[in-house]
Amino acid sequence: MRIETLSTTKKAVVGVQFLFVAFGATVLVPLLVGINPSTALFTAGLGTFIFHFVTKGKVPIFLGSSFAFIAPIIAATEQWGLPGTLAGLTSVSLVYFLMSALVKWQGKNFLNRVFPPVVIGPVIILIGLSLSGSAVNMAKTNWLLAFISLITAILVLTYARGLVKLVPVICGIITGYIAAMLMGVVDLAPVAAAPWFTNPVSLSTITHFQWAPFLYMIPVAIAPVIEHIGDVYVVSAVAEKDFVKEPGLHRTMLGDGLACLASAFLGGPPETTYSEVTGAMSITKVTSPAVIRVSAATALVFSVIGKLSAVLQSIPEAVLGGIMLLLFGTIASVGVQNLIQHKVDMNETRNVIIVSVTLTMGIGGAVLSADNFALSGIGLSAIVGVLLNLLLPKTKQQKNSSTEIKR
């Protein structure tokens, strides 16, 4: 059933449904890093509208909180505080702007040369594994609740069908939350005290700007930018339209960058394309950008409901920890899948060196510091991976493969 056959009412219903598909992931990120979930909903809605404006309203993409920045935000907050970290996230948009300009100028081949799968794969793996300790620490506050949430999510992923299969996070959190209420470990007093309507944004974070977190976040943005390219290709396939050519990959990147910039100014997390919504479009066969804009409008409405924010913040730490045990391992597996899908030959010494050094430095906690500036974790590992890829000599077969990509 294509969008032309849907009435206005049905478009609205499908649009709200799409938001619920992305709802769990959208609010999970702020809950894990200490940001008001209402702010994340507001910036997701606003960012989606900005994206659609830049892409001429042609691309059916919903933007939400990016999982790639959970670990960096947590680490940066420990050094510079949350306000300084959020202000530093403005650098993410600069990476998108630069990549947008380079794609417009050089085409996608530039990205293939500088950020091939052998670099991006291990970076994605690090994004997941770097938070494994946090997941365990949160889960062990109440292992029973953690396992209830985890098992529910696993069952939904394994046995559910249709749209339910797309919302394992929501199902796991709801089940865990109900169990927590029955166990008497949920404090509903803040929910009762919360106002019905509230202001979801704050401009005060930008006044805490510091160069250290600003520079720290730049290399972290590389993986989401590359992931963005893949998402646009997937959406193009689902909608049966070539969005890489029209409105163009440079426009989708620019739209994402502007959304991230607006989110940073308003105290929200960086925005990214949501694969969950793409999956929902594939199932429903509804690929209209207008329906996605309904989802964005619904997110804006939800963001001003104070009671909803209070309920989300009352979710026990163990419930979120149980979901994280699956979620961050899944992110790491996506990195492995990236290497496999692109047929990265791990028998090649060059590839082994790049993957090994990138993973070791990231997991081992390597730090490069000078005065008050320090670069570590995913950011440092990503830069090392890029440099190794550019400096290590390629085999004849790899050079031929690169030539084929250019053609």
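The notes below deal with the structure included here. Treat the numbers as computed from the prediction; the structure is a model and nothing was measured. (Residues numbered from 1 in each chain as written. Predicted model: local features only at pLDDT ≥ 70, side-chain atom pairs only at ≥ 80, totals over all residues. Heavy atoms only, no water.)

1. So, the overall build of the protein
Item 1. In terms of helices and strands, the protein carries 20 helices and four strands.
Item 2. Out of the 407 residues in the protein, the part that is buried amounts to 53%.
Item 3. In the protein, the proportion of contacts linking residues at least 24 apart, taken out of those at least 6 apart, comes to 83%. (Helix = DSSP H or I, 4+ residues; strand = E, 2+ residues; numbered from the N terminus. Buried < 20%, exposed > 50% of the residue type's maximum accessible area, 1.4 Å probe, protein only. Contact = heavy atoms within 4.5 Å.)

2. Observations regarding the nonpolar core
General note: in soluble globular proteins, nonpolar side chains tend to be found buried as a group.
Item 1. Leu28, Phe67, Phe69, Phe115 and Phe328 are the most contacted members of the largest nonpolar core, which totals 109 residues.
Item 2. For this core, the element with the highest residue contribution is helix α1 (residues 8–33), accounting for 12 residues. (Core = buried A, V, L, I, M, F, W, Y, C linked by side-chain atoms within 4.5 Å.)

3. Notes on helix α7 (residues 132–139)
Item 1. Those residues of α7 that sit buried are Ala135, Met138 and Ala139. Around the axis of α7, the buried residues are gathered within 95° of arc, so they sit on the same side. (Arc of directions from axis to C-beta.)

4. As for the packing of helix α8 (residues 143–159) against helix α17 (residues 317–341)
Between two packed helices, both the angle of their axes relative to each other and the distance between the axes serve to describe the pair.
Item 1. For the pair α8 and α17, the least separation of the axes is 7 Å and the interaxial angle reads 45°. When the interaxial angle is binned, α8 and α17 end up oblique. You can see that α8 and α17 cross each other, and the crossing is right-handed. Judged by residue contacts, Trp143, Leu145, Ala146, Ser149, Leu150, Ala153, Ile154 and Leu157 of α8 engage Ala318, Val319, Gly322, Ile323, Leu325 and Leu326 from α17. (Axes fitted to C-alpha atoms, helices over the stretch in contact; angles between N-to-C directions. Parallel < 35°, antiparallel > 145°, perpendicular 65-115°, else oblique. Left-handed = near helix turned anticlockwise from the far one by under 90°.)

5. As for the packing of aromatic side chains
Item 1. Overall, the coordinates contain three aromatic pairs when judged by the stated rule.
Item 2. Between Trp80 and Tyr216, the ring centres sit 5.6 Å apart and the planes meet at 65°, which makes this aromatic pair edge-to-face. Here Trp80, found in helix α3 (residues 70–88), pairs with Tyr216, found in helix α11 (residues 211–217); they are 136 residues apart in sequence, far enough to count as distant. Across this residue pair, the class does not change: Trp80 and Tyr216 are buried.
Item 3. A cation over an aromatic ring shows up here: Lys307 above the ring of Trp196, its NZ or CZ 5.4 Å from the ring centre. (Phe/Tyr/Trp six-rings, centres within 6.5 Å; stacked < 30°, edge-to-face > 60°. Lys NZ or Arg CZ within 6 Å of the ring centre and 35° of its normal.)

6. Points about the environment of Val304
Item 1. Note that Val304 resides in the loop between α15 (289–303) and α16 (306–313).
Item 2. We classify Val304 as partly exposed; its relative accessible area is 28%.
Item 3. The spacing of Val304 and Pro195 is 109 residues in sequence and 9.9 Å in space, taken between C-alpha atoms.
Item 4. Once residues within four sequence positions are removed from consideration, Val304 is found in contact with Trp196, Phe197, Thr198 and Pro200.

Taken by themselves, the reported measurements are silent on function.
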